[in-house]
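Inside the fold
Read off the chains here:
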Amino acid sequence: MKKTLSVLLAAGIAYLPLSAYAQDGAQEPVAATGDVASPEDAGVVAVEEEHAAEAAEEGHAETPHYPLKKPEEVDWSFDGPFGTWDLAQLQRGFQVYREVCSACHSMNFVAFRNLEALGYSEDQISSLAGEYTVQDGPDDTGEMFERPAVGSDYLPAPYPNPQAAAASNNGAVPPDLSLIAKARAVERGFPTFVFDIFTQYAEAGPDYIHALLTGYGEEPPAGVQVMDGTYYNPYFISSAALAMPQPIYEDQVTYSDGAPQTVEQYSRDVTAFLMWAAEPHMTERKATGFVTMIFLIVFAVLLFLVKRRVWASTPH
Ligand code: HEC
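Residues numbered from 1 in each chain as written. Predicted model: local features only at pLDDT ≥ 70, side-chain atom pairs only at ≥ 80, totals over all residues.

Heads up, the condition is: UniProt positions are given in the numbering used here, feature names are shortened, and annotations may be inferred rather than shown by experiment.
The name given to the chain in an unreviewed UniProt entry is Cytochrome c1, and the organism recorded there is Fulvimarina endophytica. Annotation of the chain in UniProt includes, under Subcellular location (unreviewed entry), the sentence "Membrane".

Spelled out as structure tokens, the structure:
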């Protein structure tokens with residue numbers, strides 16, 4: 001019975017892709033012979049042919065896959081099962097966000113007090129927050145008022161609403177960066193994603209952001225059109241160009257700890273900071289996970305020994 005069931009299941013699985021293929025095959029001759037079933041189909045075929053002709057004239061036959069270039073793998077302090085944060089790097093990354101990215105991007109889910117995890121003292125956080133003004137209220141007369149920020153306030157956003165943000169950035173809203181390191185990842189493709197399971201690769205998000213920030217400055221290849229108000233970047237995930245101009249240049253941010261003031265270093269630092277913001281408890285999660293695995297292995301051995309003991313007196 002069991003055998004029959006599994007044969008049936010296997011046959012079903014094998015049949016699915018076959019039937020899809022058969023359908024594809026059946027449709028093709030229709031288009032090729034011009035023997036079309038309905039006027040709408042005829043329209044689709046005609047339009048497709050037109051597109052193909054245009055594309056052939058311009059010298060590119062099909063829409064390319066984005067991103068045009070895959071991000072390279074960066075060696076992060078937080079990667080792997082024993083990854084840890086480099087606090088000095090996170091502080092530098094926050095500095096880059098504060099001095100550069102915060103002109104356009106909000107980080108609505110990070111409060112000043114959360115920054116204690118980067119190694120700042122309570123006093124440092126209070127004075128940092130005090131440099132910002134936030135809107136509060138309403139007061140006793142029903143008016144909104146402004147006051148200096150405190151530790152429990154969230155990082156203030158550069159624009160009051162998405163419409164204002166879009167109006168200042170050629171129609172594109174700069175996304176909130178709180179979770180961006182977990183919200184973007186370039187597909188790794190077969191067979192890399194299989195190896196990733198064994199190498200424990202989980203840094204596709206940070207690798208993407210790092211590649212994007214360092215990916216400006218190349219000339220677009222022939223056939224790639226860059227619309228006005230967008231900037232060519234072969235690492236951008238959904239097109240050849242994006243509405244963000246190159247945000248950071250050499251020597252733009254002055255580091256006090258002597259770290260190199262290069263685009264490469266700035267990008268690594270701000271990306272590490274964004275990864276921390278997206279998953280502040282990542283290193284605790286990894287440490288707990290490791291202990292859990294050890295526990296499970298020991299427990300499995302114990303269970304096996306107990307099972308042998310319990311069944312020891314039962315004859316086979
Ligand atoms: C001049 C304004 C401006 C500055 C400064 C800026 N950005 Fe952007 N950023 C944008 C805009 C606009 C977009 C949306 C682009 C689009 O969708 O075409 C964007 C998009 C992004 C994206 C998302 C890309 C995607 O895959 O959708 C990331 C990540 C990003 N910015 C990171 C940064 C970082 C990190 C900094 C600081 C080093 C920074 N940005 C500074 C305007 C800016």
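There's plenty left to go through after this.
1. Brief notes about the overall build of the chain
This is how the line gets drawn: Helix and strand assignments come from DSSP, with helices taken as H or I runs of at least 4 residues and strands as E runs of at least 2, each series counted from the N terminus. Put plainly, a residue is buried at 20 or more neighbouring C-beta atoms within 10 Å of its own, exposed at 12 or fewer, and partly exposed in between, counting only other residues' C-beta atoms, which are placed from the backbone. By the convention adopted here, residues are in contact when the distance between their C-beta atoms, placed from the backbone, does not exceed 7 Å.
Along the chain, the regular secondary structure elements total ten helices and four strands. Secondary structure elements of the chain occur, N-terminal to C-terminal, as α-α-α-α-β-β-α-α-α-α-β-β-α-α. When each of the 316 residues of the chain is scored for burial, the buried share is 19%. Counted over contacts in the chain with a minimum sequence separation of 6, partners at least 24 positions apart contribute 62%.

2. Thoughts on unusual backbone geometry
Omega for the bond connecting Y66 with P67 falls within 30 degrees of zero, at -5°, which places this linkage in the cis form. Topologically, P67 is positioned in the loop between α2 (39-58) and α3 (87-99). Between G137 and P138 the backbone carries a cis peptide bond, its omega angle lying at 0°. Tracing the chain through its elements places P138 in the loop between β1 (133-136) and β2 (145-148). A positive phi angle, near 60°, is found at Q200, a position not held by glycine. What makes Q200 exposed here is the crowd of 12 C-beta atoms within 10 Å. If you check the backbone angles, D251 has positive phi at about 65° while not being a glycine. Mapped onto the secondary structure, D251 falls in the loop between β4 (241-242) and α9 (263-278).

3. Some words on the nonpolar core
It is characteristic of soluble globular proteins that their nonpolar side chains tend to be buried jointly. The test is simple: In this usage, the nonpolar core is the set of buried Ala, Val, Leu, Ile, Met, Phe, Trp, Tyr and Cys residues whose C-beta atoms join them within 7 Å.
Among the nonpolar cores identified, the biggest contains 35 residues, and L90, I209, L212, V270, F273, L274 and W276 are the most heavily contacted of them. Of all elements in the fold, only α3, α6 (180-183), α8 (204-214) and α9 reach the threshold of two or more residues within this core. Here this core gets eight residues from one element, more than from any other, and that element is α9. Among all residues touching L212, those that are not within four sequence positions of it are N233, Y235 and F236.

4. Focus: α8
With respect to burial, α8 is a largely interior element, ten of its eleven residues being buried. Contact partners of the buried residues in α8: α6 and α9.

5. Points about helix α10 (residues 282-310)
Defined as follows: One fewer than the residue count of a helix, multiplied by 1.5 Å, yields its expected span.
A rise of 1.5 Å per residue sets the reference length of α10, with its 29 residues, at 42 Å; its end C-alpha atoms lie 41 Å apart and thus fit the reference within 8%. Counted residue by residue, α10 has zero buried out of 29 residues, so it is predominantly exposed.

6. Remarks on the packing of α3 against α9
This is how it is decided: Note on method: axes are straight lines fitted to C-alpha atoms, helices fitted across the in-contact stretch only, with angles between N-to-C directions ranging 0 to 180 degrees. Between 65 and 115 degrees an angle is taken as roughly perpendicular, under 35 as roughly parallel, over 145 as roughly antiparallel, and anywhere else as oblique. Classification convention: Asp, Glu, Lys, Arg as charged; Ala, Val, Leu, Ile, Met, Phe, Trp, Tyr, Cys, Pro as nonpolar; all other residues, Gly among them, as polar.
One way to put it is that α3 packs onto α9 with a least axis distance of 7 Å and a crossing angle of 100°. On the basis of their axis angle, the class for α3 and α9 is roughly perpendicular. For the pair formed by α3 and α9, the contact residues are Q89, L90, R92, G93, F94, V96 and Y97 on the first element and Y266, D269, V270, A272, F273 and W276 on the second. Class assignment for the residues of the contact of α3 with α9 results in nine nonpolar, two polar and two charged.

7. Thoughts on the site of the ligand
Threshold: Only the C-beta atom matters for this test: placed from the backbone, it must lie within 6 Å of a molecule or strand for the residue to be near it.
Neighbouring the ligand are 23 residues; C101, C104, A243, M244 and P247 lie closest to it. Looking at the shell around the ligand, the element that brings in the most residues is α8, giving three residues.

8. A closer look at the environment of V134
Relative to the helices and strands, V134 is located in strand β1. Beyond its immediate sequence surroundings of up to four residues, V134 is in contact with R147, A149, D153 and P156.

9. Some remarks on the packing of α8 against α9
Describing two packed helices takes the angle between their axes plus the distance from one axis to the other. Let me state the cut-off plainly: Crossings are classed by handedness, with left-handed meaning an anticlockwise turn of the near helix from the far one by less than a right angle and right-handed meaning a clockwise turn.
Contact pair α8 / α9: the axes reach a minimum separation of 9 Å and the direction vectors enclose 145°. Where α8 crosses over α9, the two elements pack in a sense that is right-handed. Residue-level contacts link G205, P206, I209, H210, L213 and T214 of α8 to V263, E264, S267, R268, T271, L274 and M275 of α9. Its residues placed into classes, the contact of α8 with α9 shows six nonpolar, five polar and two charged.

10. Overview of the confidence of the model for the chain
Cut-off, in case you're wondering: pLDDT expresses how confident the predictor is about each individual residue, on a scale running from 0 to 100.
In this model, the chain carries an average pLDDT of 86, and 81% of its residues clear a pLDDT of 70 or more. Note that pLDDT drops below 50 for residues 16-45; the model gives that stretch six contacts with residues more than four away or on any other chain.

11. As for the environment of S168
Within the secondary structure layout, S168 lies in helix α5 (residues 162-168). Residues S168 and C104, 64 residues apart in the sequence, show an inter-C-alpha distance of 9.0 Å.

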